[in-house]
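# Descriptive structure summary
Letter by letter, the chains look like this.
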Amino acid sequence: MPRYKLTLAYDGTDFCGWQKQEPPVPDSAPDEQGNRPRQILRTVQDVLERAVREVVGQPIHIIGASRTDSGVHARAQVAAFTTIDDDSGRGWPAERGTDPLKRAINARLPEDALVVAAEVAEPGFDPIGDCTAKRYTYTLWVSRDRPLWRRRLVHHVWTDLDLARMQAAAALLVGEHDFAAFAAAGHGRLSTVRTVFECQVAQARDHGIDRPWDPGDVPERLIVISVSGSGFLWHMVRIIAGTLYEVGRGKMSVDDVAAALASGDRNLAGPTMPPGGLCLEWVSYDNSKTAEQQCGK
């Protein structure tokens, strides 16, 4: 039973997040058994599963490393599925190759999602449980002029930001801490202790991000907040971004960030930033190259 690991990129703007969702149809009436009709929301997991099922001709279940929220993007989400070898001609035997598999899946995906790599994984590979680190970035477009080419991938702010103050506040978040103040209510985790390996703030040209600029881009306008860690709480990176933004525009001090972290009080941290500026950059695993390296970043 071959197991395949996929590295996936997507523009999250028109997706209702990664995870499949089938909520009740609003204002619908229940049937005689009390069940209400349900609607299938457009999620990355759902469109990917549909594409893979068409390719392999078997029922499969896709597991993703990160449950990105509605509107959040990814450059290197990691997912996995298993097929069954049989005599029916269905499935995808390993000898058929991963490049043809990638191309076949991409031919069935919508234009805002793309498999960038496919490989045979160990039979027990778990994209969630085997993950050792993830990196997210949050990108701010700082200008009185609104963005055009990057409008789906950045959050537009008008106020000039003090990078040095933001960088000093970001440094406080590195290490193992209780991030209760940086988690959304109802996060559902038994522990809010997490380890942040890196938290940096820089202009895009100084951030080590080697990407072609689109027409009309002014790199100095792009401020990138980069956070990597072993795992994150619900909305944690967006709240970190909101807190650093408040520091950058002078509404919070570096000491305020330290106090919020020590208190565990969500009310003392900054706002939750909108999802459009957030991107899952890579997911890494022991004994393998990181998704960042695989994608040549």
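None of the values given here were measured: they were computed from a predicted structure.

Running from N to C, helix H1 (residues 44-56) and helix H2 (residues 98-106) cross one another at 120 degrees; their axes reach a closest spacing of 9 Å. With respect to their mutual orientation, H1 and H2 come out oblique. Relative to H2, the crossing made by H1 is right-handed. Of the residues in H2, those touching H1 at Leu-48, Ala-51, Val-52 and Val-55 are Leu-101, Ala-104 and Ile-105. Across the contact of H1 with H2, the residue classes break down as seven nonpolar, no polar and no charged.

Turning to the side chain of Thr-243, a few remarks are in order. Relative to the elements of secondary structure, Thr-243 occurs in helix H4 (residues 236-248). Look at Thr-243 and you get buried, because its relative accessible area is 1%. Setting aside residues no more than four positions away along its own chain, Thr-243 makes contact with Phe-182, Met-252, Val-257, Ala-269, Gly-270 and Pro-271.

Listed in full, the buried residues belonging to helix H3 (residues 163-171) are Met-166, Ala-169 and Ala-170. When H3 is viewed along its axis, its buried side chains cluster within an angular range of 100 degrees and face the same direction. Lining the buried residues of H3 we find strand S8 (193-203), strand S9 (222-229), H4 and helix H5 (254-263). Capping the start of H3, Asp-162 holds a side-chain oxygen 3.2 Å from the backbone nitrogen of Ala-164, two or three residues further along.

Here H1 is 13 residues long and its end C-alpha atoms lie 18 Å apart, about the 18 Å a rise of 1.5 Å per residue gives. Most of H1 sits out of view: ten of its 13 residues are buried. Residues Val-44, Gln-45, Asp-46, Val-47, Leu-48, Glu-49, Ala-51, Val-52, Val-55 and Val-56 constitute the buried set of H1. Against the buried residues of H1 lie strand S1 (3-10), strand S3 (73-82), H2 and strand S4 (113-121). Looking one or two places after H1, you find Gly-57, whose phi comes out positive at around 70 degrees.

This brings us to the nonpolar core. Residues Leu-48, Ile-105, Leu-140 and Phe-182 are the most contacted members of the largest nonpolar core, which totals 73 residues. The element contributing the most residues to this core is H4, with eight residues. Not counting chain neighbours up to four residues away, the residues in contact with Phe-182 comprise Leu-173, Trp-234, His-235, Met-236, Ile-239, Ile-240, Thr-243, Val-257, Leu-261 and Ala-269. Formed by five residues, the second largest nonpolar core is a distinct cluster that contains Val-154, Ala-204, Leu-222 and Val-224.

On to the pattern of salt bridges. Scanning the entire structure with this criterion turns up twelve salt bridges. Arg-50 is the salt-bridge partner of Asp-46, the closest N and O atoms lying 2.8 Å from each other. Within this pair, Asp-46 and its partner Arg-50 are both found in helix H1, separated by four residues, close to a single helical turn. A relative accessible area of 13% places Asp-46 in the buried class. The exposure class of Arg-50 is partly exposed, given its relative accessible area of 43%. Between Glu-281 and Arg-75 there is a salt bridge whose closest N-O contact spans 3.6 Å.

Rules of the game
Residues numbered from 1 in each chain as written. Predicted model: local features only at pLDDT ≥ 70, side-chain atom pairs only at ≥ 80, totals over all residues. Heavy atoms only, no water. Axes fitted to C-alpha atoms, helices over the stretch in contact; angles between N-to-C directions. Helix = DSSP H or I, 4+ residues; strand = E, 2+ residues; numbered from the N terminus. Parallel < 35°, antiparallel > 145°, perpendicular 65-115°, else oblique. Left-handed = near helix turned anticlockwise from the far one by under 90°. Contact = heavy atoms within 4.5 Å. Nonpolar A, V, L, I, M, F, W, Y, C, P; charged D, E, K, R; others polar. Buried < 20%, exposed > 50% of the residue type's maximum accessible area, 1.4 Å probe, protein only. Arc of directions from axis to C-beta. Polar contact = N/O pair within 3.5 Å; in protein donor to acceptor, adjacent residues only side chain to side chain. Expected span 1.5 Å × (residues − 1). Core = buried A, V, L, I, M, F, W, Y, C linked by side-chain atoms within 4.5 Å. Salt bridge = Lys/Arg side-chain N within 4 Å of Asp/Glu carboxyl O.

Any functional reading would require information that these geometric values do not contain.
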